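These are the residues of each chain, in order.
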Amino acid sequence: MQFFDDSLLPENQEKLVIQVAPYGPEFLPEDSDDIPVSMDEQVQKAVDCYNAGATVLHIHVREADGRGSKRLSMFNELLARLRTAVPDMLLQVGGSISFAPEGEGGAAEWLALDARHMLADLDPKPDQVTIVIDTSQFGFAETFTESDVEGTSLARPEYAKAYKEMYWEAGPDFYVEHLKRLQAQQIQPHFMIGHVAQLGTLERIIRAGQYKGPLALNYLAFAGGLSFTHPSELMEFVARVPDRAVLTVEGLMRNNLPMGAMAIAMGLHVRCGIEDNLWGRKGERATSVQQVEKMVALARSLYRDVASGKEAKQIYQIGTQYRTVDETLLKLGMAPNRSPGQKGVPVRGVGMGAGVRAGAGAGVGVGVDTSVDVGVGVGV
């Protein structure tokens, strides 16, 4: 992503999109008073978060006994009710379905690949399904402190060990097929990216034509095999993200708020909620609604507007798909693929016989006119 002299000025930034993850699949119901269990409670939690300012809802589902549900029929029921209760909210289903252990001493693990593929068949369909790429350790409990997990099941050695040892399986056989299925159903994949190496895989996916559409991704500052909270890691990642992507920054526990503050200042987007964080000040619990309200307050303190639900869907370009690899690269602000025999770095309009026609917000037209318009903004 490129930054200009005026890129940090709020009038040149997209309105802030706030993702909220209020269902906390890694926790047991007794871990927090803010965990919704019944279907009515899960729907009401979405309404409350939307009213507080969140416009993207990250969805997991619980059974009536409080366990994380692995039944897609439960997801269908919740999605149907949410479409009525929060019609303008962008509905994003968590691609793990549920990774909670079945009991003490059980493994924390993602469902089998075939089960995850079935998310493309949800009815009603969600706006997005999250997807991970490259098999990776996902031991997010690695950096939790005693105060982070105080009063929760993650303070028990068995549960802590399960989440420190967790990994996700997501090799090429999985993500190529999963992307094919999601795109066939016009469900936007939301990429959950843990570090720059996975970002490199994502670029190759796009250049190979395995995904053709707007790019939405989260930066996971989780440690445990993924990125840490070091600001320099974040800045390196941001510099590598395509200019026209929609990038959300996500941190865990009390790191969630400062990571969000950096994202808001840079014109990026944020995620919060009890799946990521239970705390406000040290030792003081914060509900998902309170965390959304804090992100709204941070944005307002920087004079950055917060997106409505309809605006969030426009920013994410929900329902949009591209026809070709070259159109995808152009729309995302990426350099074109190399033509046969082409030397040096491929540059659109130079030695290709085709260029870019300036669209809304662009300053310069380069090369020869093409049939694809692209608007060039501030890059965030």
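A quick note: this is a predicted structure, and the numbers were derived from the prediction, not measured.

Examining the overall build of the protein
Then, number 1: Of the regular secondary structure elements, the protein holds eleven helices and twelve strands.
Then, number 2: Considering only intrachain contacts with a sequence separation of at least 6, the fraction spanning at least 24 residues in the protein is 74%.
Then, number 3: A total of about 16000 Å² of accessible surface is found on the protein, and carbon and sulfur atoms cover 51% of it.

So, the environment of Leu28
Then, number 1: Structurally, Leu28 can be placed in the loop between strand 1 (18-20) and helix 1 (39-52).
Then, number 2: Take Leu28: its relative accessible area is 22%, and that puts it in the partly exposed class.
Then, number 3: In this structure the C-alpha to C-alpha distance between Leu28 and Gly68, which are 40 residues apart in sequence, comes to 8.7 Å.

Things to note about unusual backbone geometry
Then, number 1: A cis geometry characterises the amide bond from Asp123 onward to Pro124, with omega recorded as 5°.
Then, number 2: Positionally, Pro124 belongs in the loop between helix 3 (113-117) and strand 4 (128-131).
Then, number 3: Phi at Gln186 takes a positive value of approximately 55°, unusual for a residue other than glycine.
Then, number 4: Within the secondary structure, Gln186 is located in the loop between helix 5 (172-184) and strand 7 (188-193).

As for the side chain of His178
Then, number 1: Topologically, His178 is positioned in helix 5.
Then, number 2: Owing to a relative accessible area of 1%, His178 belongs among the buried residues under this scheme.
Then, number 3: Ignoring any residue separated from it by four or fewer positions in sequence, one finds His178 in contact with Arg116, His117, Val129 and Ile131.

A short note on the pairing of strand 8 (residues 216-221)
Then, number 1: Extensive coverage of strand 8 is indicated by the burial of six of its six residues.
Then, number 2: As paired elements, strand 7 and strand 8 share four bridges and run parallel to each other. Bridging across to strand 8, Phe191 finds its partner in Leu217.
Then, number 3: A crossover connection joins strand 7 to the parallel strand 8 through helix 6 (residues 196-207); in handedness this β-α-β unit is right-handed.
Then, number 4: With six bridges connecting them, strand 8 and strand 9 (residues 246-251) associate as parallel partners. What sits directly across from Tyr219, in strand 9, is Val249.
Then, number 5: You can see the chain leave strand 8, run along helix 7 (residues 231-240) and come back into strand 9, and the turn it takes is right-handed.

Let's talk about the nonpolar core
Then, number 1: Within the largest apolar cluster, 93 residues are counted, with the highest numbers of intra-cluster contacts made by Ile18, Leu57, Ile59, Phe191, Leu217 and Leu247.
Then, number 2: Not counting the four nearest positions on each side in its chain, Leu57 is found in contact with Val20, Pro22, Tyr23, Ala46, Leu82, Met89, Leu90, Leu91 and Gln92.
Then, number 3: Core analysis: the next-biggest nonpolar cluster, separate from the first, contains nine residues, Leu90, Ala216, Val246 and Ile315 among them.

A word on the side chain of Gln198
Then, number 1: Assignment of secondary structure puts Gln198 in helix 6.
Then, number 2: According to the relative accessible area criterion, Gln198 is buried, its value standing at 1%.
Then, number 3: With residues up to four places along the chain from it excluded, the contact list for Gln198 reads Ile133, Asp134, Ser136, Trp168, Met192, Ile193 and Leu226.

Notes on the pattern of salt bridges
If charged atoms from side chains of opposite charge come close, those side chains can pair.
Then, number 1: Enumeration over the complete set of coordinates arrives at 15 salt bridges.
Then, number 2: Note that Glu177 and Arg181 form a salt bridge whose closest N and O atoms lie 2.8 Å from each other. Of this pair, Glu177 and Arg181 both sit in helix 5, four residues apart, which is roughly one turn of the helix.
Then, number 3: Classification of Glu177 by relative accessible area gives partly exposed; the value is 23%.
Then, number 4: In this structure, Asp326 and Arg348 form a salt bridge, with 3.0 Å as the shortest nitrogen-oxygen distance. Placement of Asp326 in helix 11 (residues 325-331) and of Arg348 in the loop between helix 11 and strand 11 (357-358) is noted, with a sequence separation of 22 residues between them.
Then, number 5: By relative accessible area, which is 12% here, Arg348 ends up buried.
Then, number 6: Ionic contacts of the salt-bridge type, sharing partners, join the residues Glu250, Arg271, Glu275 and Asp276 into one network.

Let's talk about the confidence of the model for the protein
Then, number 1: When the pLDDT values of the protein are averaged, the result is 89; 89% of them are 70 or greater.
Then, number 2: Across residues 352-380, confidence stays below pLDDT 50; counting only partners more than four residues off in sequence or on other chains, it has 61 contacts.

Focus: the packing of aromatic side chains
Then, number 1: Per the stated rule, a full pass over the model turns up seven aromatic pairs.
Then, number 2: With a centroid separation of 6.0 Å and an interplanar angle of 55°, the aromatic rings of Phe140 and Phe144 are classed as tilted.
Then, number 3: Residue class for Phe140 comes out buried when judged on its relative accessible area of 4%.
Then, number 4: Here the guanidinium or amino end of Arg116 rests over the ring plane of Phe174, the centre of that ring lying 4.7 Å away.

A word on the environment of Gly53
Then, number 1: Structurally, the position occupied by Gly53 is in the loop between helix 1 and strand 2 (56-59).
Then, number 2: By relative accessible area, which is 16% here, Gly53 ends up buried.
Then, number 3: Here the alpha-carbon distance between Gly53 and Met295, two residues 242 residues apart in the chain, equals 8.7 Å.
Then, number 4: Those residues within four positions of Gly53 in sequence are excluded, and the remaining contacts are Ile18, Val292, Val296 and Val306.

Thresholds, definitions, all that
- Residues numbered from 1 in each chain as written.
- Predicted model: local features only at pLDDT ≥ 70, side-chain atom pairs only at ≥ 80, totals over all residues.
- Heavy atoms only, no water.
- Helix = DSSP H or I, 4+ residues; strand = E, 2+ residues; numbered from the N terminus.
- Contact = heavy atoms within 4.5 Å.
- Areas by Shrake-Rupley, 256 points an atom, 1.4 Å probe, with all protein chains shown as cover.
- Buried < 20%, exposed > 50% of the residue type's maximum accessible area, 1.4 Å probe, protein only.
- Pairing = 2+ DSSP bridges.
- Right-handed = clockwise from strand over helix to strand, strands pointing away.
- Core = buried A, V, L, I, M, F, W, Y, C linked by side-chain atoms within 4.5 Å.
- Salt bridge = Lys/Arg side-chain N within 4 Å of Asp/Glu carboxyl O.
- pLDDT = per-residue confidence, 0-100.
- Phe/Tyr/Trp six-rings, centres within 6.5 Å; stacked < 30°, edge-to-face > 60°.
- Lys NZ or Arg CZ within 6 Å of the ring centre and 35° of its normal.

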